[in-house]
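# An overview of the molecular structure
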There are 2 protein chains.
Amino acid sequence: MRATIYDVARRAQVSIATVSRVVSGRARVTEETRARVLEAVKELNYHPNPVAQGLALQSTRTLALIIEGFDNIYPAKIVAGAETEARVHDYHLLVQQVADLDGDKLRRLSGRVDGIIISGAATADELLQAAVEQDIHAVRLGYLIPDLHADAVVADNYKGAYEAVEHLIEHGYRRIAHISGPESSPHGKERANAYLAALQDHAIPQPEEYLVRGDYTHERGFQAMASLLELAEPPDAVFCADDLLAMGAILAVHELGYEVPDDVAIIGFDGLETGAYVTPPLTSVYQPIEQLGRVAVETLLWRISNPDKELRETVLPTELVIRRSCGCPAASRVLGGTAA
Amino acid sequence: MRATIYDVARRAQVSIATVSRVVSGRARVTEETRARVLEAVKELNYHPNPVAQGLALQSTRTLALIIEGFDNIYPAKIVAGAETEARVHDYHLLVQQVADLDGDKLRRLSGRVDGIIISGAATADELLQAAVEQDIHAVRLGYLIPDLHADAVVADNYKGAYEAVEHLIEHGYRRIAHISGPESSPHGKERANAYLAALQDHAIPQPEEYLVRGDYTHERGFQAMASLLELAEPPDAVFCADDLLAMGAILAVHELGYEVPDDVAIIGFDGLETGAYVTPPLTSVYQPIEQLGRVAVETLLWRISNPDKELRETVLPTELVIRRSCGCPAASRVLGGTAA
DNA sequence: CTGAAAGCGCTTACAG
DNA sequence: CTGAAAGCGCTTACAG
């Protein structure tokens, strides 16, 4: 049904080796035979079977992206960036949610790709560990791990968070709380550490109750903020570990009859476009999510062709996008990353 | 380096055929030799090479999902649903943004997958057409096309939109406008048609200026709403073709000093969780996006094993999620699809 | 420059 | 039940 290299060879009266040569362009061929082959290729609408090529060349020209759930904007942008970059290099992208992935399944998956990008938390570490042990090319996306032998691409979570908290301090707020990411989130931990450090560096007290654990959902942001508002001495500013938490927090403030930023100022993390369209527009630490995906692919491809070079860790800068929820009288619909 | 079937055969003192049989479980093997092979498999950490299997079996156990940009919540949920369903069937998912895809590239892509899901608009039609012509298994995701020979999975855009507009009518609004999707969006067209029909069925006038074109972004929703508010007789209710438009519209209403829903009621489409966290919470037509992705995979897999059965078109129901922007005094954080 | 042949790592009729 | 062999569709040293 589908034409093979044999069909083309027969039609062009040459051997399959010659067909392969002209199609791949990897060797000299007489102009005359070249033309004959090309003609046959066109007539038969021949395209080399990538699976057979994969077997012969020991390369699939496919990369895998493993991430914890795709049904959110962060993973969505990662996928978008990764696929875009992969396509530029004529590679394909396989996606997989961590879910029930383990070392064994990872191994099987690795048979169909040339390398793997692992993002997310918790299990991601073990996966990366497994990959490294099995000599699978892998890059970690999202945060650094000290003694794991793998390349990594991350955003500067610590600095971004630190700047956000400092911004609140400059506004004059002194009762600054933090709604964090989930236990399992390493980015969340970095952001929480930065929050703690910023307060300490400025000699601002940090009551234990001001650090409440969230989980990157509107829901938790709402609940956490509600609980903060019930404290004897509620905070006058809250730094949230991501924009979803922040948006839930804003809603809670409103529902309890308070105002943002007059009663409580709020800053989020991620710098999503959506944040510009809540009331009041959300000030947030922008991180270049798509770019993270792109650079991860770039790094992985580089690693594949340079197996023996030393580890590469890329840290992408964040940027505080000032809108209104922090108390600034800024324009309302600023988007992040436009300067880049 | 990586163990092959030959390594296992040698170690277990059997032929590769036998190894293949016990590993695949597709044929009877003596319990004794079976045990020997399994032992060798374990010792060598052997996993069959999927590329080689793909060549021998003429099946890649991989599906492709082609969609117009992944950096948004709709495609994200589609991917999530599709990957989940694929995994259930031990299939993998390759993703690709339409971008510069054409018939030729589609053909090359098709060599690495068993079937393709095509979503989105504009170019998607030509792609699907090309797929059908080249005998590639393909299912259309998102909307129906009358005379194209392909399976399809869609949400009931028309009915969902119709009910939304009727809901506004029941509230007593009579100056009902619509901010539509982009020219190229077939879903958008269906929703706009439903809007028109609902007004006509209820004998409510529909001034031409009340239908303004949007493009599924906050930005356009903001602009479109601002222009509607400048009309001599501004609308008292607006049905938006998606939630992003609706959220931008809400912001515009607020920035111009009006209130939602008191001055203008608003209903969106998609039923995103985020909509529950804007002020006021957004009433919206929920559509089961992840489910669309799952059913698309299910349909494609079914088609692959039943190449000759007649076309299958699945229409998934929508559901009006009542929050507050329509004027109802409902609970604020209702999420869609929880009843399903 | 071109072809015959081996090899990539599997699966599966066909014999025995 | 098990093995030898052909086949899946390519690529690429090796000769000529």
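No experiment lies behind these values; they were computed from the predicted model shown. (Residues numbered from 1 in each chain as written. Chains lettered and ligands numbered in written order. Predicted model: local features only at pLDDT ≥ 70, side-chain atom pairs only at ≥ 80, totals over all residues. Heavy atoms only, no water.)

Helices and strands together make up the secondary structure of chain A, namely 12 helices and 12 strands. Relative to its length of 340 residues, chain A is extended, with a C-alpha radius of gyration of 26 Å against a globular reference of 20 Å. Overall, the C-alpha framework of chain A stretches about 90 × 40 × 30 Å when taken along its three principal axes. Per-residue burial over chain A gives 55% buried out of 340 residues. Long-range contacts, defined as pairs at least 24 residues apart, comprise 69% of the intrachain contacts of chain A with a sequence gap of at least 6. For chain A, the accessible area works out to roughly 14500 Å², and carbon and sulfur atoms hold 49% of it. Both charge centroids of chain A, one from 31 positive and one from 48 negative side chains, sit 12 Å from each other. (Helix = DSSP H or I, 4+ residues; strand = E, 2+ residues; numbered from the N terminus. Rg over C-alpha atoms; globule rule 2.2 N^0.38 Å. Buried < 20%, exposed > 50% of the residue type's maximum accessible area, 1.4 Å probe, protein only. Contact = heavy atoms within 4.5 Å. Areas by Shrake-Rupley, 256 points an atom, 1.4 Å probe, with all protein chains shown as cover. Lys, Arg positive; Asp, Glu negative; His and termini not counted. Charge placed at Lys NZ, Arg CZ, Asp CG, Glu CD.)

Now for helix α12 (residues 289-305) of chain A. In a regular helix each residue adds 1.5 Å, so 17 residues correspond to 24 Å; α12(A) covers 25 Å between its end C-alpha atoms and thus fits that length. For α12(A), the full list of buried residues reads I289(A), L292(A), G293(A), V295(A), A296(A), V297(A), T299(A), L300(A), L301(A), W302(A) and R303(A). (Expected span 1.5 Å × (residues − 1).)

The 12 strands are arranged β11(A)-β5(A)-β4(A)-β3(A)-β1(A)-β2(A)-β2(B)-β1(B)-β3(B)-β4(B)-β5(B)-β11(B) in an open sheet whose pairing can be described as mixed. Of all strands in the sheet, those bounded by a partner on one side alone are β11 (313-316) of chain A together with β11 (313-316) of chain B. Going from strand to strand, the sheet's axes swing by 20 degrees on average, the running direction of each strand aside. Relative to strand β4 (residues 138-142) of chain B, strand β3 (residues 115-119) of chain B is paired through four bridges, and the arrangement is parallel. Bridge pairing links I116(B) to A138(B) in β4(B). (Pairing = 2+ DSSP bridges. Axes fitted to C-alpha atoms, helices over the stretch in contact; angles between N-to-C directions.)

M225(A), F239(A), I266(A), I179(B), M225(B), F239(B) and I266(B) are the most contacted members of the largest nonpolar core, which has 98 residues in total. Contact partners of M225(A), with chain neighbours within four places excluded, come to I179(A), V238(A), A249(A), A252(A), V253(A), V264(A) and I266(A). L63(A), Y74(A), Y91(A) and V295(A) belong to the second largest nonpolar core, which has 58 residues in total. (Core = buried A, V, L, I, M, F, W, Y, C linked by side-chain atoms within 4.5 Å.)

Another aspect to go through is the interface of chain A and chain B. On the side of chain B, 57 residues touch chain A, which itself brings 57 residues to the contact. Between chain A and chain B, roughly 5300 Å² of surface is buried when both sides are summed, and carbon and sulfur atoms account for 55% of that area. Its largest share of buried area at the contact with chain B, chain A owes to R107(A), R112(A) and Y277(A), together 14% of the area lost on that side. Linking chain A to chain B there are two salt bridges. Between E255(A) and R324(B) there is a salt bridge, with the nearest N and O atoms lying 3.3 Å from each other. (Buried area = accessible area lost by both parts, 1.4 Å probe. Salt bridge = Lys/Arg side-chain N within 4 Å of Asp/Glu carboxyl O.)

We now examine the domain arrangement of chain A. Residues and elements named next belong to chain A. Here chain A is partitioned into domain 1 (5-48), domain 2 (62-155 + 289-317) and domain 3 (157-287). Each of domain 2 and domain 3 has a C-alpha centre, and the two are 29 Å apart. Taken together, the contact between domain 2 and domain 3 spans 12 residues of the former and 10 residues of the latter. By the criterion of area lost to domain 3, the three top residues of domain 2 are Y143, A155 and I289, representing 44% of everything that side buries. Taken together, domain 2 and domain 3 are joined by one salt bridge. E273 is the partner of K77 in a salt bridge, and the nearest nitrogen-oxygen pair spans 3.5 Å. Mapped onto the side of domain 2 that touches domain 3, the elements with two or more residues apiece are α5 (73-88) and α12. At three residues, the largest contribution of residues to the side of domain 2 that touches domain 3 is made by α5. (Domains from an automatic or database assignment.)

Evaluation of the coordinates by the stated rule reveals zero disulfides over all chains. The cysteine C240(A) is free of any disulfide, with C326(A) supplying the nearest cysteine sulfur at 13 Å. The exposure class assigned to C240(A) is buried, which follows from its relative accessible area of 0%. There is no disulfide at C328(B), and the cysteine sulfur nearest it, in C326(B), is 3.7 Å away. Overall, C328(B) belongs to the buried group, its relative accessible area being 17%. (Disulfide = S-S within 2.5 Å.)

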